[in-house]
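Residue-level listing of the chains:
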Amino acid sequence: MSTGSDEHLTEKAAAHKANSSSEDLPYSPKEVEYNDDGFDEYDEEHGHAAEKRVRFYKTKRFWIRCLVILVILLAILVPLIIFVILPKLVQSIVNHSEMSMNQLNMTDASETGMKVSLTGGISNAGIFPATIEFPEPIVVSWEGHQLGSMKMSAVKASGGSATIVDSTTFTIIDKEAFGTFAKQMLSIEDFTWTLTSTVQVHAVGRVIKDIKLTKELKMLGMNGFGKVTIDSFTMPGDAPNNGGAYVRLVTSMNNPSPIGMVLGTMVLDMFYKGTFLGQVTAQNAVLVGGSPSPLVLEGTLVRQVNQTDLDNVSVLMSNFLAGKVTMTSAKGVSVKPDGVTDVSWLSNGLLALTLNVPLQSPVPLNVIRDISIKDMGMVFNPASPFVPTASSNTVTAGFKLPFNITVGMTNVSNTMSIHYKGKTLANIDTAVWAEARSDIAAGIITFGLPPSPLVIQEDAKEEFGQFVADLTVNQEQTFSVSGLASAISTTPIGTVKLTGIPFNSNVTMTGLNFNAIDAAVTNVVVSGGNENHIIMNQTVALPNASNLTVSGGSVLLTVYDKVTDQYLGELSIPNLNIVPGANPTPTNFLFHPKNTTLRDQFLSEYLTGAVFPLKVVGTKDSTATVELQQAMSQVTISSSAPGLMPPPNLVVSGTAVSNIGTLVGNRQSTTTVNMINPLDTDLYISGQVTQVSWKGNFFGTIDAKYEQVVPAKGTASTPTLILQHPSGLDFGLFLTTQFVTSYPLIAFGGAMVPFDLDVLMSVRVGGPNGYPATIHYKQTQEILTKMSLF
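Bear in mind the structure is a predicted one, so any value in this text is a computation, not a measurement. (Residues numbered from 1 in each chain as written. Predicted model: local features only at pLDDT ≥ 70, side-chain atom pairs only at ≥ 80, totals over all residues. Heavy atoms only, no water.)

### A closer look at the overall build of the chain
Condition: Strands are runs of DSSP state E lasting at least 2 residues, helices are runs of H or I lasting at least 4, and numbering of each runs from the N terminus. Three exposure classes are used, based on accessible area relative to the maximum for each residue type with a 1.4 Å probe and protein chains only: buried under 20%, partly exposed in between, and exposed over 50%. Every residue pair with non-hydrogen atoms within 4.5 Å of one another is taken to be in contact. Exposure was quantified through the Shrake-Rupley algorithm and a 1.4 Å probe, taking into account, for residues, occlusion by the shown protein chains and nothing else.
Looking only at helices and strands, one finds 10 helices and 42 strands in the chain. Taking all 790 residues of the chain together, the buried fraction comes to 46%. Restricting the contact set of the chain to residue pairs at least 6 apart, pairs at least 24 apart contribute 68%. A total accessible area of about 38800 Å² is found for the chain, and carbon and sulfur atoms account for 55% of it.

What follows is the structure in structure tokens.
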């Protein structure tokens, strides 16, 4: 019974379960739930298709459940995001954001603070637009010390970044710490501020408060204004009471830091190598952050009396005039932002700062210009080739100093190079100081160049030779000089030695122009002779219209007859010394023509006072002075040699004795001639052929060989010579009808009769071993001869 009962209960339970399951499903019992792609399932047992199955996400029950779950989640997550996650997210964004400062300018500085204007930015500020507010001041700390605080206006961020532009007040919290920071900031390369505050952020429609701000803000320091430049350095005038000189400097102070500040009135002491130069003051000084700041400093350079200080000032001024850099220093004395009140933390910072100021002219000054060499001397010495001695009595130079102070230059010294046609020829270094005269108003200094070695460059010897040649033969020549000048100068700050001042100037000098001169010859004296030549001493004028002086030892020039261009001999100048002016120069003419006809013509015309045109030519062999060889090879001088003036009578008198027998017979007369020697050397006569005439009538011939020496400037009578009269009746008729009738006294003891002579005389000039020649000489109606018939 129990068993049947149990089975009945089991069936009822199964039926109830089936009914219950059918009621819970959203489809009929005949429908089948299936979670695969839809298809008709075949019922093998009954042999017909199964019922169609429906996907679960298309059922109402599924979506009702999802909606319920979503509502529950929103109810839980939204408060969680708003009150827990969002503040943490904002704090994380603030923590990871970066702050930078482009400009922070400080004005109206006082002991307790200053006004600041700043520009900067924030990066990595999240993806949502937001507004950051600073309800509390930002505290600025440095190396663990709170320096001060400042309020900031709200900043709007968009696209992950924000721009900061604000003006506020910075209040100093720890004055001692801030003073230390200010001192360090002026001199160090960089520093780091720590900014702390509490901020609130407006984002996604919410205000998130109590966000902690802690930022490390690294900025560049002022680094001692490492690249201070001088834009202008002038001395406007002398300070009163011999107190030095006023000075004005315009500088650019390079401030790499973004921090700028108004310094107001700033006072600095200037030094160079321990020498106190003076004190300068800048009014309304402003340092601009991140850029050069112009600063005008005015004050006084003090007068120096200690020699070490004077030497230092000399170097300083010399370097400035030469365009060189001189590293001076400036130490802070005081700073008053408002021009009246000293701010301790700012003054202490400035007092600890030493500015390195490179003093240099921003542009080349070209202090010395327009050099003019009024005269120049060059002495050449064959014993020291290519090192002539140069000198000048007067050199003028224009100069312009960038200082409006009283300057007097008393002595100068130079190191100079000569340039010609693009080539550096020579260097000259004056070994001594030369006296100088300066005219400050006119900007001219005049000085001399003491005798100094002119050292020719090894690679410019040929070019230097051409330079000397051009000066010798041209009317004028331009070259250039450059070098370094030094001057001892009196100034309001003391007597200083200015050294190494560069100069570069063209110089035009009048040349010797030798090829255009006419060298006049005077005081010709035949002083000797040998078998090779006649020695003639004379004075040759070598006019020099320039201010150039040349001294070069002995010179040997070649002399030609200007008409025939035939060789006559050599002109020897024992000591060539050309100075400005006429230059009457003693010379020796070694006369030995190759053409004997020209030889005899020259001597004959010389004795008769004729002028002989000459051409004097040089060659490279004319001098042993190598620097002058090229010049000598280009010299061609016109000249003329005058004869003896007044022309002398070589035959002063004579005697002739005849009788009727000789006149009728062999027609000969015996005669002697009294000779004079106008030369300053012995004249040796070896014979003569003389044509004698009277009033145009041929009277006879003397053709005799004999030896006779007529002493220098002396007289002598010839041995008895035979005068051979013409033969024939014509001469006898002439003798009896004209000649004797004109001088009847010849028959009664003799009479003085004037004859004309045409003489060819064989001589040796200089004595028996002298130079041979034939003199053709004529005298007309001037030879009085005592003639008698008995």
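Anyway, onward from the coordinates.
### Quick word on helix 5 (residues 344-351)
Since there are 3.6 residues in each turn of an α-helix, residues three or four apart along the chain are aligned in direction. Among the residues of helix 5, Trp345, Leu346, Ser347, Gly349 and Leu350 are the ones counted as buried. The elements touched by buried residues of helix 5 are strand 4 (113-123), strand 9 (161-172), helix 3 (175-185), strand 14 (259-272) and strand 17 (326-336).

### Side note on the nonpolar core
Soluble globular proteins: nonpolar side chains tend toward being buried together. Filter applied, for reference: In this description, a nonpolar core means a group of buried Ala, Val, Leu, Ile, Met, Phe, Trp, Tyr and Cys residues linked to one another through side-chain atoms lying within 4.5 Å.
Counting 205 residues, the largest nonpolar core has Trp193, Phe233, Leu542, Phe699 and Phe739 as the members making the most contacts within it. Considering every element that reaches this core, the biggest residue donor is strand 41 (residues 751-765), with 8 residues.

### Some remarks on the pattern of salt bridges
Note the following rule: Each salt bridge in this description consists of a side-chain nitrogen of Lys or Arg and a carboxyl oxygen of Asp or Glu lying within 4 Å of one another.
Scanning the entire structure with this criterion turns up 10 salt bridges. The shortest N-O distance in the salt bridge between aspartate 459 and lysine 423 comes to 3.4 Å. Taken as a pair, aspartate 459 in the loop between strand 25 (444-456) and helix 6 (461-473) and lysine 423 in strand 23 (residues 423-429) lie far apart in primary sequence, 36 residues in all. Here lysine 423 falls in the partly exposed class, since its relative accessible area comes to 23%. For the salt bridge of aspartate 758 with lysine 778, the shortest nitrogen-to-oxygen distance reads 3.9 Å.

### Comments concerning the packing of aromatic side chains
Our working definition: Any pair of Phe, Tyr and Trp rings, taking the six-membered ring for Trp, is counted once the centres come within 6.5 Å. Such a pair is stacked with planes under 30 degrees apart, edge-to-face with planes over 60 apart, and tilted for the rest. To sit over a ring, a charge needs its Lys NZ or Arg CZ within 6 Å of the ring centre and within 35 degrees of the ring normal.
In total, this model carries 31 aromatic pairs according to the counting rule given. Put simply, the rings of Trp142, Phe170, Phe178, Phe181, Phe191, Trp193 and Trp345 pair up and form one aromatic cluster. The ring of tyrosine 567 carries lysine 594 above its face, with NZ or CZ at 5.1 Å from the centroid.

### A look at the pairing of strand 32 (residues 584-591)
Counted only if it meets this: For two strands to pair, DSSP has to find at least two bridges joining them.
Only one face of strand 32 is covered, namely the one carrying Thr585, Thr587, Phe589 and Phe591; the face carrying Pro584, Pro586, Asn588 and Leu590 has none of its residues buried. As defined by bridge partners, strand 29 (residues 534-541) adjoins strand 32 across 8 bridges and the pair is classed as antiparallel. Across the sheet, isoleucine 535 pairs through a bridge with leucine 590, a residue of strand 32. In the sheet, strand 31 (residues 567-578) pairs with strand 32 via 4 bridges, with the strands oriented antiparallel. Bridge pairing in strand 32 links serine 572 to asparagine 588. As consecutive antiparallel partners, strand 31 and strand 32 are separated by 5 residues, and within that stretch glycine 581 has a phi angle of approximately 125°, a positive value.

### A few points about a nonpolar patch on the surface
Rule in force here: Within this analysis, patches are made of residues with over 30% relative accessible area and no salt bridge. Like charges are joined at 9 Å or less; nonpolar side chains (Val, Leu, Ile, Met, Phe, Trp, Tyr) at 5 Å or less.
There is a patch of nonpolar side chains on the surface, built from Ile64, Val68 and Ile72 and spanning about 280 Å² of accessible area. The topology assignment puts valine 68 in helix 2 (residues 60-96).

### Describing the environment of asparagine 504
Within the element layout of this structure, asparagine 504 appears in strand 27 (residues 494-510). Given the relative accessible area of 55%, asparagine 504 is considered exposed. For the pair asparagine 504 and serine 417, spaced 87 residues apart in sequence, the C-alpha to C-alpha distance is 9.4 Å. The residues contacting asparagine 504, other than those within four sequence positions of it, are Ile368, Val481 and Ser482.

### With respect to the side chain of serine 604
Our working definition: Residues adjacent in sequence count toward polar contacts only when both atoms are side-chain atoms; beyond that, a polar contact is any pair of N or O atoms within 3.5 Å, and within protein one must be able to donate a hydrogen and the other to accept it.
Here serine 604 shows up in helix 7 (residues 596-607). Within the local environment of serine 604, its side chain forms a polar contact with the backbone nitrogen of histidine 776, the two atoms lying 2.9 Å apart. Serine 604 has contacts with Thr774, Ile775 and His776, leaving out every residue within four places of it along the chain.

### Observations concerning helix 7
The test is simple: In this analysis, the expected span of each helix is defined as 1.5 Å times one less than the number of residues it contains.
Taking 1.5 Å per residue, 12 residues should reach 16 Å; helix 7 reaches 17 Å between its end C-alpha atoms and fits that length. Listed as buried for helix 7 are Leu598, Arg599, Asp600, Phe602, Leu603, Ser604, Tyr606 and Leu607. Sitting at the amino-terminal end of helix 7 is asparagine 595, which places a side-chain oxygen 2.9 Å from the backbone nitrogen of threonine 597. Positive backbone phi, approximately 85°, marks glycine 609, located one or two places after helix 7.

### Quick word on the confidence of the model for the chain
The test is simple: The pLDDT score gives, residue by residue, the confidence of the prediction method on a 0 to 100 scale.
For the chain, mean pLDDT is 85; residues scoring 70 or higher make up 88% of the total. At the low end of the mean pLDDT range in the chain sits helix 1 (residues 2-24), at 45; at the high end sits strand 32, at 96. When the criterion is pLDDT under 50, residues 1-51 qualifies, and its contacts beyond four places in sequence or with other chains add up to 30 contacts.

### Description of the packing of helix 3 against helix 5
To keep it simple, the criterion reads: Fitted lines through C-alpha atoms serve as axes, helices being fitted only where they are in contact, and the angles separating the N-to-C directions of these axes extend from 0 to 180 degrees. Two helices crossing with the near one rotated counterclockwise from the far one by less than a right angle form a left-handed crossing, whereas a clockwise rotation gives a right-handed crossing. Asp, Glu, Lys and Arg are counted as charged, while Ala, Val, Leu, Ile, Met, Phe, Trp, Tyr, Cys and Pro are counted as nonpolar; the rest, among them Gly, fall into the polar class.
Contact pair helix 3 / helix 5: the axes reach a minimum separation of 8 Å and the direction vectors enclose 35°. Between helix 3 and helix 5 lies a crossing whose hand is right-handed. On the side of helix 3, the interface is formed by Lys175, Phe178, Gly179, Ala182 and Lys183, while helix 5 contributes Ser344, Trp345, Asn348 and Gly349. Partitioning the contact of helix 3 with helix 5 into residue classes produces 3 nonpolar, 4 polar and 2 charged.

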